[in-house]
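Residue-level structure breakdown
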Amino acid sequence: MAYQTAYLKAHYPAEYMAAVMSRNLDNISEITKLMDECKAMGIETLGPDINESRHKFSVNNSGAIRFGLAAIKGMGASAAEAIIAERDANGPYADVFDVVKRVNLSAANRKAFESLVLSGGFDSFGIDRERYLAANQRGDVFLDTLVRFGQLYQQERQQAQMSLFGSDMVEIATPSIPESEPWSNIEKLNRERDLVGIYLSAHPLDEFSMILTHLCNTKCSELSDHETLLKRETLTFGGVVTSVKAKFSRNGAPCGFVTIEDFDGPGELRLFGEEWAKWRGMLSESCTVYVTAKLVKRFRDSNYYDLRIGDIQYMQTVKENSINKLTVVVDDSLFDTRVVNDLVAAIDDSPGKTSLFFQIHDANGNLTLRSRKRTVEVTHQLITFIEQTDGLNYFIN
């Protein structure tokens, strides 16, 4: 059995990981670990999709693992089966109107479609998620209108088939899709996480990954590891606030328990009395924060320590004020015309106020040059391009 497992993992890694994830369908913490393992193996993991997802985790034609419909909260097994069965029988869905025309709406109800929308299952149709929950001029929410359209279409089609002429032709006006104020990235991702259990399409910290990498010396998961923290005079860490619980201590003083999470996992801040009163306004759920702190003895001769906060800033503020210079490191031996053109395009797509430098490595040593015409914003897209391009690296100051 161990030999078979090792063989499958070595020769069919995506299929093996999809099977393991399917066995852990109800254990989202284990799914998260397995997704990290997939990333380390170079296997892409994708969110749910109406035209690709099976009931559980599966591998698509591109070799990526696709999230299963049954893993979405609020879907229900009958809705997932109805969607998959219709697709298998009659081909992919052309658009969202095609979905409600074809799927058995007794099995897949409005709640199932809302779960699909918010988890990204309809993203391939090119309609922003917020527009499904927007209302038209009459106050009708588009998702409700969409379901009613599907119900009416199916009723009319059934009646037409039962008529004397047995026609399949049904003519019903397709409802228009209302415009909507765009959701913030964090709102979109939080709704996605509520339904899937993890961030899939992006992470709220993506834009601040360079801060976590270069300006932080502590991970959130280390906050309870005092032995490790004592080795650092000052602690710097950051993340997204995922939970805030305001309480009262035994002596009646206000206190707060704040869960903050980075790419590697969560940690907890415990704040009491005046410290809680001072910082609670900065620690709201969904905020991305950068924290400076130190570990101090609770009492002079005590072996117990408390984490004392020195400062909290929003990540965006740190990004704007603390990153003064981006230096792109270039290996001249791997630098060609294609890379030059792609790098220029990536820089042009990231206009901002940060000074841009190039450090050229060649046979004669290092040469540092400053770009006098271009300044940039250190975006996630720009950093990702640099990290994924052979011959390029970077550091920030």
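Everything that follows concerns the structure shown earlier in this document.
Described below are features of the structure shown in this document. (Residues numbered from 1 in each chain as written. Predicted model: local features only at pLDDT ≥ 70, side-chain atom pairs only at ≥ 80, totals over all residues. Heavy atoms only, no water.)

1. Quick look at the sheet that holds strand β6 (residues 265-272)
To keep it simple, the criterion reads: Pairing between strands is defined by DSSP: at least two bridges between them are needed. Put simply, DSSP marks the helices as runs of H or I at least four residues long and the strands as runs of E at least two long, and each gets a number from the N terminus on. Orientation is described by lines fitted to C-alpha atoms, with helices fitted over the stretch in contact, and by angles between N-to-C directions that extend from 0 to 180 degrees. The contact criterion used throughout is that any non-hydrogen atoms of two residues lie within 4.5 Å.
In space, the 5 strands of this open sheet follow the order β6-β5-β4-β7-β8, with antiparallel pairing throughout. Two strands in the sheet have a free side with no partner beyond their single neighbour: β6 and β8 (305-314). Between one strand and the next, the sheet's axes are offset by a mean angle of 40°, whatever the strand orientation. Across 9 bridges, strand β7 (residues 288-297) lies against β8 in antiparallel orientation. Paired with Tyr-290 across the strands is Gln-313, a residue of β8. Strands in contact with helix α13 (residues 315-322) are β4 (235-248), β7 and β8; relative to β8, the strand with the most contacts, it is inclined by about 65°.

2. Structural notes on the pattern of salt bridges
Should the charged atoms of two oppositely charged side chains come close, the side chains can pair. Put simply, the rule reads: When a carboxyl oxygen of Asp or Glu lies within 4 Å of a side-chain nitrogen of Lys or Arg, that pair is called a salt bridge. Residue burial is assigned from relative accessible area. The probe radius is 1.4 Å, only protein chains are included, and a residue is buried under 20% of its type maximum, exposed over 50%, and partly exposed in between.
Scanning the model with the defined rule gives 19 salt bridges in all. The shortest N-O distance in the salt bridge between Asp-88 and Arg-54 comes to 2.9 Å. Placement of Asp-88 in helix α4 (residues 77-90) and of Arg-54 in the loop between β1 (45-46) and β2 (58-59) is noted, with a sequence separation of 34 residues between them. By relative accessible area, which is 48% here, Asp-88 ends up partly exposed. Among the ionic pairs, Asp-342 bridges to Arg-338, the shortest N-O distance being 3.4 Å. With Asp-342 and Arg-338 both in helix α14 (residues 337-348), this residue pair falls 4 residues apart, about one helical turn. A relative accessible area of 55% places Arg-338 in the exposed class. Here the residues in one salt-bridge network are Glu-86, Asp-98 and Arg-102, joined through shared partners.

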